[in-house]
Amino acid sequence: MLRVAVMVSGGGTNLQALIDAVEAGTIEHTQIVAVISNKKDAYALERAEKHGILGLCISPKDFAGRDAFGRALVQALQEKQADLVVLAGYLVILPEILVQAYQNRMINIHPSLIPSFCGAGYYGLKVHEAVLARGVKVTGATVHFVDEGTDTGPIILQKAVEVHPDDTPKTLQQRVMEQAEWKILPQAVRLIAQGRVSVAGGIVKIAAEGAVNV
Ligand code: GRF
């Protein structure tokens, strides 16, 4: 059984995609053991509650410094015996201690095709604004492992999405979520639950279905 903790800051539609996939049995041998938000009013916490999942608010504001905040996060994750941490719209810079504790066991969904439109300052609608300002015709989403950098970790899955001439940042964001994010995030968790994802030299390899004994 893969024990997954999901970290969120906002609406939680990616969290919902994961909950739905677990409940539908598309992702097998997986339990979402906690949803951790930095904001107590995040709608994602309500989604967790509706599905009987423990929701926790751990805010950096409640700690003396980033180290103490990081230790509290690691402690909560360890208490819940999380094997995998999923960042699903988590908008807080991660304390180093957390990144180190969950190396190759923490993944993030980013709403562009990394290495384009990623890194410091590229989050939320800003990503889609930059895509439209540059005039690229194809964008998408990426699921990657989290390392010490911003959006620099090994890439697990990517999916391309067309940019339309009449797109606004909002319409593009919605299409990227519907066509890419809500698909590849559950898919990545499924592959990890199946034991098919490995990392060597910064490159992810995905074993063929049936090639690995779970
Ligand atoms: C998504 O666009 C995700 O890629 C980004 O933040 C947004 C979160 O949306 N990291 P939601 O909270 O899952 O609805």
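Above this text sits the structure in question.
Draft legend 1. Here's a closer look at the nonpolar core. Counting residues in hydrophobic clusters, the biggest one holds 43 residues, and the most contacted among them are V6, V35, V86, I107, I156 and V189. Counting residues per element, this core draws most heavily on helix 6 (residues 169-193), at ten residues. Leave out the neighbours within four places in its chain, and V86 touches V4, A5, V6, M7, L18, I107, L185 and V189.

Draft legend 2. Quick look at the site of the ligand. The ligand sits among G11, G12, T13, N14, G89, I109, P111 and E181. At 2.8 Å from an oxygen atom of the ligand is found a main-chain nitrogen or oxygen belonging to N14. Between E181 and the ligand, the recorded distance is 2.7 Å, taken from a side-chain N or O atom to an oxygen atom. When grouped by side-chain class, the residues that make up the shell around the ligand number two nonpolar, five polar and one charged.

Draft legend 3. Representation of helix 6 within the structure. When the terminal C-alpha atoms of helix 6 are compared, their 34 Å separation across 25 residues agrees well with the 36 Å that a helix rising 1.5 Å per residue should span. Maximal helix bending in helix 6 amounts to about 45°, located at M177.

The rules behind these values
Residues numbered from 1 in each chain as written. Predicted model: local features only at pLDDT ≥ 70, side-chain atom pairs only at ≥ 80, totals over all residues. Heavy atoms only, no water. Core = buried A, V, L, I, M, F, W, Y, C linked by side-chain atoms within 4.5 Å. Buried < 20%, exposed > 50% of the residue type's maximum accessible area, 1.4 Å probe, protein only. Helix = DSSP H or I, 4+ residues; strand = E, 2+ residues; numbered from the N terminus. Contact = heavy atoms within 4.5 Å. Near = heavy atom within 4 Å. Polar contact = N/O pair within 3.5 Å; in protein donor to acceptor, adjacent residues only side chain to side chain. Nonpolar A, V, L, I, M, F, W, Y, C, P; charged D, E, K, R; others polar. Expected span 1.5 Å × (residues − 1). Bend = angle between axes of the 7 residues up to and from the residue.

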